[in-house]
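Here are the chains, one letter per residue:
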Amino acid sequence: MIRSGEFDGNFVQDVMAEPGGEHLLDCWSCGTCAATCLVRRFDPAFNPRLILRKAGLGLREAVLSSREIWQCSACDACYPRCPKEIHISEVMQAIRTIAIREGYEPPGPFASVDEVICSGCAVCTRSCPYEALARGPVMVNGDERVIAQVDKNLCMHCGVCVAACPSGAMSLEEFNDQEILSRMGSGGWLEQPGYLQGAADAPRILAFVCQWSIRSDAEWAALEALESERLHLVNLPCSGRVDPAMILLALSQGADGVLVAGCHEGECHYKRGTYLGRGKVALLDTVLNQMSIHPGRVRFVELGALTRSALPALLDQMANEIVTASTAAAPAMFSAADGA
Amino acid sequence: MKRITIDPVTRLEGHGKITIFMDDQGDVANAYFQVPEFRGFESFCEGRPVEEMARITQRICGVCPMAHHMAATKAADAVYGVEPPPNAHRIRELAYDAFVSGDHATHFFVLSGPDFILGPDTDPAQRNILGIVNKLGVRLGQRVLRHLSETHEVLSMLGGRFVHPVMGLPGGVAKAVTPEMQRRLIEIGESMVEFGQFSLELWRDLVLGNDEFRDMIMGDAYLHRTHSIGLVDANKQLNFYDGKVRIVDVEGNEVACYPPHEYLEHVAERVEPWTYVKFPYLKHFGWQGLTDGMESGVYRSTPLSRLNVSEGLATPLAQEAYEEFYAYMGAKPVHATLATHWARLIEMLYAGERVLELARDEALTDPNIRVIPTETPREGVGIVEAPRGLLTHHYVTDEQGLLTRVNLIVGTTNNHAAICMSIKKAAQTLIGGGKEITQGLLDRVEMAFRAYDPCFGCATHAAPGEMDLEVSVYDPSGELLAQLRRDPSAGGEG
Amino acid sequence: MEKLKLAVYWASSCGGCDIAIVELGERLLELAQVADIVFWPAAMDFKYTDVEAMPDKHIDVTLFNGGIRTDEDAHIAHLLRTKTKVLVAFGSCAMEGCIPGLSNIKGPDHALQGAAWTSPSVDNGAQVLQQGHFAMPEGDLTLPVLSKQLRTLSQVVPVEYSIPGCPPHHDQIWKAMTAVIENKLPEVGSLLGVDDRTVCDQCPREREGKIRVDRFVRPHEIIPDPEICFLEQGLICAGPATHAGCGALCIHAEMPCRGCYGPPAGVVDQGAAMLDAIVAGFEGESDADIRQVLSTIVDPVGTLYRFSLGASVLHQIKMGLAESGQVCDSQRNGEDAS
């Protein structure tokens, strides 16, 4: 029940005056955005329709103090579906800007920088889809250094920066390197030798799966049921979180193949994470080819709304390709004399 | 047969071992010099981008990295058909000659100097740079180290560092010279000239002034009459950085004078299965085995040969030293292997004078130091004079400029046949007849290769070819006793 | 006080690490006050027999440079390990394989045999290869044979410390030697002679991280702005993935870093770290954009792993350590036949 005393007409004006918030009152409250929203899959409390409605009703305190306004990742899945063509993530951003001005803080989780290790190389800054990183001067152990700093107001904890950082100075609260490595090796999965080493009946595949690319609990449950000697699943917040070092470690131990499942171009929950994931796998592929490492051992597959439930079949296909390639003429340990 | 092994050979760059076989009379039946290392640069450079070769091939040798860097840079220029601006050439030559001077000083004082300054009979524990400092004083040690540090400073200023510098690119150099840098380069050039004169003075006092050393130099144990090769400018005078390749025969007559890209018409390489280094020889004469003389294809590529092919030197003090040298030795060409050390010091003086000349040039601070290549890359040859011999880099690339084929004929490789011959002759002349074999005697055998300032890391970069094997056996006077040929197609050994 | 006994050895090496020690200059004379160098083939006349005659652990510190390419390299590594208290993998070759490690892409047999027709200056004849034993009229000659892969020192014997660099900078060598002389060595397994963090920490160029690129260029294709980060100009630079310690020398010479000081502390695969750094700076969205950017990156292994292939996880996928030390195929037959 909303009491009349909670209504603050200025709040509506403030939002509409803020760049991005102009179309707040266009909203019909139809709920299409909520039905589309990927965040809602994991957190039913998040409801973009409700946030816009409350803002339109002038409920300043309720909106600005909520944690939900910080959860929109600007994936823009809702935008093309909104019948009023409202760029909802921009309205969210406008609301956040007001919240920051009025002293509210995002609840996290955030990425963080190890100030002693960070060299200020700016690689993470380039990688961030939200421009949530910038180099700035900081006193570290009595010296002023220019290093990366996380803007908590913008950080979506996607982990792209952690994968990008070449010196291990970035970390996340969840999906940290140690956590992912331990999940990769859980149950001793990596210690069992693989098919290509002649020790298993069929190829053993490690699959890094972007959690946003699996659109329903049922799909995820179906996947988890496949977890076995031959298949090990590690979920990631984004395919952009994948680090080639993890793929190489897996291949050098018990994994015959590594599959990275991520979102289609344009459907990434974190805007550009899938581009980075695909880019890394593609470049790694050229490296593996140049080393004459058995073809087909690393693949990126794109999953999305129209390719639901495709993953099990794709895993089988990958396994078959590894078998076929290995039963064909054994690849030379080193490439042909005139090749590069 | 009794066998004496010197393993490893020391005070040189790279690995080597000498095996001396003694017959029952206590004389040397044969002596073999083997190079037991191999890394395979020619092979693993395939697929690398041509502009990176300057930074990759220099890891063939950390004593002469600038030589490979420069040969690779020039080969890359040729691959792209690009002509660098004049000031790029100037900067390159200045840096290059500073490097040669430092390298020659390192060789003379750290590597071979102990043999002359302390003597081959010195206790091995003392027979090194620290022993030299002990004998001649800390001030001399400091002066030598200062020279090394100054020549290294030139490379650091222009190429980041001395060991594995990064100045060369196809089309020019990466870094320009500021007026402040130029002032320092002039200072260093002056110091280099002074050091060159100081070293020659030391040579006159300690070596020419010592009867035993004088006799070693002029004597027969280290004498080989071979053809000579070297890089010369338009006036047929030595230039380390650029020019044409000139060959003169045993008697000093010109055999050929050709541009780098024609090298295959003049030089070929043989392979032996008992050493990783190949044996280049002059096609004009053909391979006659490990023998010297006019008919043999064996040639030498050393400071001595460079002076032999030069018609004087292009800078005044070095020219004086050149004239003094030939007057003293009595004839030109000179074939006394140990005189190579003297030739090396003369080259060091020339390099210092040339650095000073280039440093004083007003145009050195011209900022125009690079041209962007526009042609499609294909193939090219770059040749420079490495301190220890002619260095040839030949690259063939695809259209992206990635290497498809690499051929390197490296400084010391040119001299491999001569080194084998020198060691064998020294062993046969000095050892035997019942003489006690002391470590000083063995050091005198090692002195036979040290004169070449060999760089076996350089020499064994590469992949061998396919060869039928020929073994020639000679008696001490150089007469051919027997020749054995192995033809694998016939099976077994003949 | 008894002088320290020091040894310096080069396996399959270019000699640059030895020159780096000579570059200590006058500090070498200081070193000689407190240490006796008991084996250093580059500069001193001690032979293998001198080392064999030493009691175990006689040498206090051995600085071992060069990769393990031949059975002789491996043999001397074991010999020196036995005679040494503190064994240091000195320089990039010993620590991570360095540039000769690139031979692990195509292998030693390609180098030994396959190149015969590509070497245009070689005389044609029957196929003869260097072998481990060869009978000459006077007796047998032996040559070391190559192993299937170039290995690092720690892949052959346990090592107490490593000093990275190609070569290690002489100031850093002095830092390490001072720690040895003053007996203030860090815990076993550490790197010596490095500064904290990566080369970017020592690089003067500007970088705000706001620029991404949709294509890369090669160093000779542009004249870069001297003030701005190479990566932000589309030039691949290994600085972010390389341990600091050199003082960013190549950057000061206006050339991008190629990674010779090895990976940052704790990073196992330098190439993967570089790959991460480079892709982070890609601009674009589609697969076509990715293909476009990748088409401008040539020789990925040679660029990303130029110095570190020997120690990388990548190379272990190809061949396990047990097999990599075996004699290469071309020379195994020769060995058996003799």
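Everything quoted here is computed from the prediction, not taken from an experiment.

Rules behind the numbers
- Residues numbered from 1 in each chain as written.
- Chains lettered and ligands numbered in written order.
- Predicted model: local features only at pLDDT ≥ 70, side-chain atom pairs only at ≥ 80, totals over all residues.
- Heavy atoms only, no water.
- Helix = DSSP H or I, 4+ residues; strand = E, 2+ residues; numbered from the N terminus.
- Rg over C-alpha atoms; globule rule 2.2 N^0.38 Å.
- Buried < 20%, exposed > 50% of the residue type's maximum accessible area, 1.4 Å probe, protein only.
- Contact = heavy atoms within 4.5 Å.
- Pairing = 2+ DSSP bridges.
- Right-handed = clockwise from strand over helix to strand, strands pointing away.
- Domains from an automatic or database assignment.
- Salt bridge = Lys/Arg side-chain N within 4 Å of Asp/Glu carboxyl O.
- Nonpolar A, V, L, I, M, F, W, Y, C, P; charged D, E, K, R; others polar.
- Phe/Tyr/Trp six-rings, centres within 6.5 Å; stacked < 30°, edge-to-face > 60°.
- Axes fitted to C-alpha atoms, helices over the stretch in contact; angles between N-to-C directions.
- Lys, Arg positive; Asp, Glu negative; His and termini not counted.

**Student:** Can you help me understand the overall build of chain B in this one?
**Tutor:** A tally of helices and strands in chain B yields 15 helices and 16 strands. For chain B, whose C-alpha radius of gyration is 22 Å, the value lies close to the compact-globule estimate of 23 Å for 494 residues. For the C-alpha atoms alone, the extent of chain B along its principal axes is close to 70 × 60 × 40 Å. Burial status across chain B gives 71% buried among its 494 residues. Of all intrachain contacts in chain B linking residues separated by at least 6 positions in sequence, the fraction that spans at least 24 positions is 67%.

**Student:** Just to check I follow, could you spell out the sheet that holds strand S7 (residues 244-248) of chain B for this structure?
**Tutor:** Sheet strands line up and pair through hydrogen bonds in the backbone, either parallel or antiparallel. All names here are of chain B. Spatially, four strands are ordered S8-S7-S6-S11 in an open sheet, and the strand pairing comes out mixed. For this open sheet the edge positions go to strand S8 (254-258) and strand S11 (299-300), each flanked by a neighbour on one side alone. Pairing analysis gives five bridges linking strand S6 (residues 227-232) to S7, with the strands arranged antiparallel. Each residue of the ladder has a partner; that of Gly230, found in S7, is Arg246.

**Student:** Would you explain the pairing of strand S5 (residues 205-210) of chain A in this entry?
**Tutor:** Remark: a regular strand shows side chains that alternate across the two faces of the sheet. Residue and element names in this part refer to chain A. The buried fraction of S5 is high, at six of six residues. On S5, burial covers both faces: Ile205, Ala207 and Val209 on one face and Leu206, Phe208 and Cys210 on the other are all buried. Judged from the six bridges that link them, S5 and strand S6 (residues 231-236) form a sheet pairing that is parallel. Across the sheet, residue Leu206 finds its bridge partner in S6, namely His232. A crossover connection joins S5 to the parallel S6 through helix H10 (residues 217-224); in handedness this β-α-β unit is right-handed.

**Student:** I keep staring at the domain arrangement of chain A and nothing clicks. Help me out?
**Tutor:** Interface size is commonly expressed as the accessible surface area that is lost when the partners come together. Residue and element names in this part refer to chain A. Structurally, chain A comprises domain 1 (4-101), domain 2 (112-160) and domain 3 (175-327). Taken together, the eight residues of domain 1 in the interface contact four residues of domain 2. Where domain 1 packs against domain 2, one counts zero salt bridges. For the side of domain 1 that touches domain 2, the per-class residue count stands at four nonpolar, three polar and one charged.

**Student:** Whenever I open this one, the pattern of salt bridges confuses me. Can you help?
**Tutor:** Oppositely charged side chains can pair when the atoms bearing their charge come close. Summed over all chains, the structure comprises 65 salt bridges over all chains. Notably, a salt bridge pairs Arg246 of chain B with Glu311 of chain B, separated by 3.1 Å at the nearest N-O pair. Pair noted here: Arg246 of chain B is in strand S7 and Glu311 of chain B is in the loop between helix H9 (303-309) and helix H10 (316-329), with a separation of 65 residues, a long-range link. The buried category is assigned to Arg246 of chain B, whose relative accessible area is 7%. According to the relative accessible area criterion, Glu311 of chain B is partly exposed, its value standing at 45%. Between Glu385 of chain B and Arg306 of chain B there is a salt bridge, and its shortest N-O distance comes to 2.6 Å. Highlighted residues: Glu385 of chain B in strand S12 (residues 379-386) and Arg306 of chain B in helix H9, separated in sequence by 79 residues. By relative accessible area, which is 0% here, Glu385 of chain B ends up buried. Residue classification places Arg306 of chain B among the buried residues on the basis of a relative accessible area of 0%. Here the residues in one salt-bridge network are Asp115, Arg127, Asp443, Glu446 and Arg450 of chain B together with Asp45 and Lys47 of chain C, joined through shared partners.

**Student:** Is there a simple way to explain the packing of aromatic side chains in this structure?
**Tutor:** Any two aromatic rings considered together are summarised by their centre-to-centre distance and by the angle between their planes. All names here are of chain B. Scanning all chains against the criterion turns up 28 aromatic pairs over all chains. Relative to Phe162, the ring of Phe99 has its centre 6.2 Å away and its plane inclined at 40°; by these criteria the two rings are tilted. Of the two residues, Phe99 sits in helix H4 (residues 86-117) while Phe162 sits in the loop between helix H6 (138-159) and strand S4 (168-169), which places them 63 residues apart along the sequence. A relative accessible area of 0% means that Phe99 is categorised as buried. Aromatic pair Phe195 and Phe198: ring centres 5.6 Å apart, planes at 40°, arrangement tilted.

**Student:** How should I be thinking about the environment of Val406 of chain B in this particular structure?
**Tutor:** By the secondary structure assignment, Val406 of chain B is in strand S14 (residues 403-409). Separated by 365 residues in the primary sequence, Val406 of chain B and Phe41 of chain B place their C-alpha atoms 8.5 Å from one another.

**Student:** Honestly, the environment of Gly67 of chain C in this entry has me stumped. Any pointers?
**Tutor:** Residues and elements named next belong to chain C. Of note, Gly67 is situated in the loop between strand S3 (59-65) and strand S4 (68-70). Once the C-alpha coordinates of Gly67 and Ala94 are considered, the two residues, 27 residues apart in sequence, prove to be 4.8 Å apart. Leaving out residues up to four positions away in the same chain, Gly67 has contacts with Ala11, Ser12, Asp73, Cys93, Ala94 and Arg151.

**Student:** How should I be thinking about the sheet that holds S14 of chain B in this particular structure?
**Tutor:** Residues and elements named next belong to chain B. In space, the three strands of this open sheet follow the order S12-S13-S14, with antiparallel pairing throughout. For this open sheet the edge positions go to S12 and S14, each flanked by a neighbour on one side alone. For this sheet, the mean inter-axis angle between neighbouring strands, taken without regard to orientation, is 15°. In this sheet, S14 lies alongside strand S13 (residues 389-397) in antiparallel orientation, the contact comprising six bridges. Within the sheet, the bridge partner assigned to Thr397 lies in S14 and is Leu403. Sheet strands in contact with helix H3 (residues 65-80) are S12 and S13, and its direction is about 150° off that of S12.

**Student:** I'm lost on the side chain of Asp73 of chain C in this one. Help?
**Tutor:** Structurally, Asp73 of chain C is set in helix H4 (residues 71-83). Among buried charged residues, Asp73 of chain C stands out as having no salt bridge; its nearest opposite-charge side chain is Arg69 of chain C, 6.7 Å away. Excluding residues that lie within four positions of it along the chain, Asp73 of chain C makes contacts with His15 of chain B together with Ala11, Ser12, Phe64, Gly67 and Ile68 of chain C.

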